[in-house]
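# Observations on the three-dimensional arrangement
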Amino acid sequence: MKQNYAGGCQCGKVRYEVALDLDQPVISCNCSRCGRLGSLLSFAPAEEFKLISGEGDMTEYQFNKHAIHHLFCATCGIQSFARGTNPKTGAEMAAVNVRCVDGVDVDALKVQKVNGKDF
Ligand SMILES: [Zn+2]
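Computed from a predicted structure; not experimentally measured.

Cut-offs and rules
- Residues numbered from 1 in each chain as written.
- Predicted model: local features only at pLDDT ≥ 70, side-chain atom pairs only at ≥ 80, totals over all residues.
- Heavy atoms only, no water.
- Helix = DSSP H or I, 4+ residues; strand = E, 2+ residues; numbered from the N terminus.
- Buried < 20%, exposed > 50% of the residue type's maximum accessible area, 1.4 Å probe, protein only.
- Contact = heavy atoms within 4.5 Å.
- Pairing = 2+ DSSP bridges.
- Axes fitted to C-alpha atoms, helices over the stretch in contact; angles between N-to-C directions.
- Donors = N, O, S within 2.8 Å, 3.2 Å for Na, K, Ca; no water.
- Tetrahedral: all angles 85-135°; square planar, octahedral: opposite > 155°, others 65-115°.
- Salt bridge = Lys/Arg side-chain N within 4 Å of Asp/Glu carboxyl O.
- Polar contact = N/O pair within 3.5 Å; in protein donor to acceptor, adjacent residues only side chain to side chain.
- 1 Å grid on protein atoms, 1.4 Å probe; cavity = no way out; pocket = protein on both sides within 12 Å on 5 of 7 lines; lining within 4 Å.
- Points joined across faces, edges and corners; volume = space filled by probe spheres on them.

In this section: the side chain of Ser42. Tracing the backbone shows Ser42 in strand 4 (residues 41-45). Residue classification places Ser42 among the buried residues on the basis of a relative accessible area of 8%. Look past the residues within four positions of Ser42 in its chain and what remains in contact with it is Leu20, Leu22, Val26, Ala94, Ala95, Val96 and Val98.

Further remarks concern the sheet that holds strand 2 (residues 15-21). Sheet architecture is open: three strands sit in the order 1-2-5, paired in antiparallel fashion. Only two strands of the sheet have a single neighbouring strand rather than two, namely strand 1 (2-8) and strand 5 (49-53). Here the strands of the sheet are splayed against their neighbours by 25 degrees on average, with no regard to which way each runs.

With that out of the way, let us pick up the coordination of the zinc ion. Coordination sphere of the zinc ion, protein contribution only: Cys9 (SG), Cys11 (SG), Cys73 (SG) and Cys76 (SG), at 2.3 to 2.4 Å. For the zinc ion, the four donor atoms in the first shell make angles of 105 to 116 degrees at the metal, so the coordination geometry reads as tetrahedral. Within one chain, the residues serving as donors to the zinc ion are arranged as C-x1-C-x61-C-x2-C. Residue Cys11 is found in the loop between strand 1 and strand 2, and its partner Cys73 is found in strand 7 (residues 68-73); the two are separated by 62 residues along the sequence.

The tally for this structure, following the rule as stated, stands at three salt bridges. When the shortest N-O distance is used, the salt bridge between Arg15 and Asp102 registers 2.7 Å. One end of the pair, Arg15, is in strand 2; the other, Asp102, is in the loop between strand 9 (92-97) and strand 10 (111-114), with 87 residues separating them in the sequence. One salt bridge connects Arg83 with Glu55, and the closest N-O pair in it is separated by 3.2 Å. Here Glu55 lies in the loop between strand 5 and strand 6 (58-61) and Arg83 lies in strand 8 (residues 81-85), a separation of 28 residues in the sequence.

On to the side chain of Gln79, then. With respect to the element layout, Gln79 can be found in the loop between strand 7 and strand 8. Exposure remark for Gln79: the relative accessible area of 11% places this residue in the buried category. There is a polar contact of 3.0 Å between the side chain of Gln79 and the side chain of His70. Beyond its immediate stretch of four places on either side in the chain, Gln79 contacts Arg33, Leu37, His70, Leu71, Phe72, Asn97 and Cys100.

Moving on: the layout of surface pockets. It is the rolling of a water-molecule-sized probe over the atoms that shows where space remains empty. Taken as a whole, the largest pocket holds about 890 Å³ of empty space. Of all the secondary-structure elements, those providing two or more residues to the lining of the largest pocket are strand 3 (26-29), helix 1 (34-37), strand 4, strand 7, strand 8 and strand 9. Of the residues forming the lining of the largest pocket, the biggest block, four residues, is contributed by strand 8. Here the second largest pocket defines a volume of roughly 180 Å³. For the lining of the second largest pocket, the secondary-structure elements that each account for two or more residues are strand 2 and strand 4. Of the residues forming the lining of the second largest pocket, the biggest block, five residues, is contributed by strand 4.

The structure is reproduced here in structure tokens:
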């Protein structure tokens with residue numbers, strides 16, 4: 001079931017609200033970025049993701065096909081979400097690092113491994 005959550009970076013400059021269904025498995029990706037970061041990802045349509053603060057406090061990084069805008073806090077370095085486009089529908093999406101979402105017990109989540117290394 002979808003619920004509303006709040007989350008953000010470590011230092012608090014980047015804050016957002018997002019609706020996520022964490023009954024669904026979260027994504028553990030082994031690509032050259034996610035594998036290093038240890039991110040656990042859940043996806044939301046852009047209209048269900050609201051950045052409350054921090055737009056001007058983030059640095060953007062892109063690699064590979066430049067499909068995803070990796071945004072991390074320029075102060076504390078934490079990447080709490082990314083912006084991208086659903087490759088099938090073209091819809092704008094937010095990829096939320098659920099490790100950065102308040103009050104989530106990440107050890108209780110179902111995890112689906114994705115072989116992003118080969119994308
Ligand atoms: Zn920060």
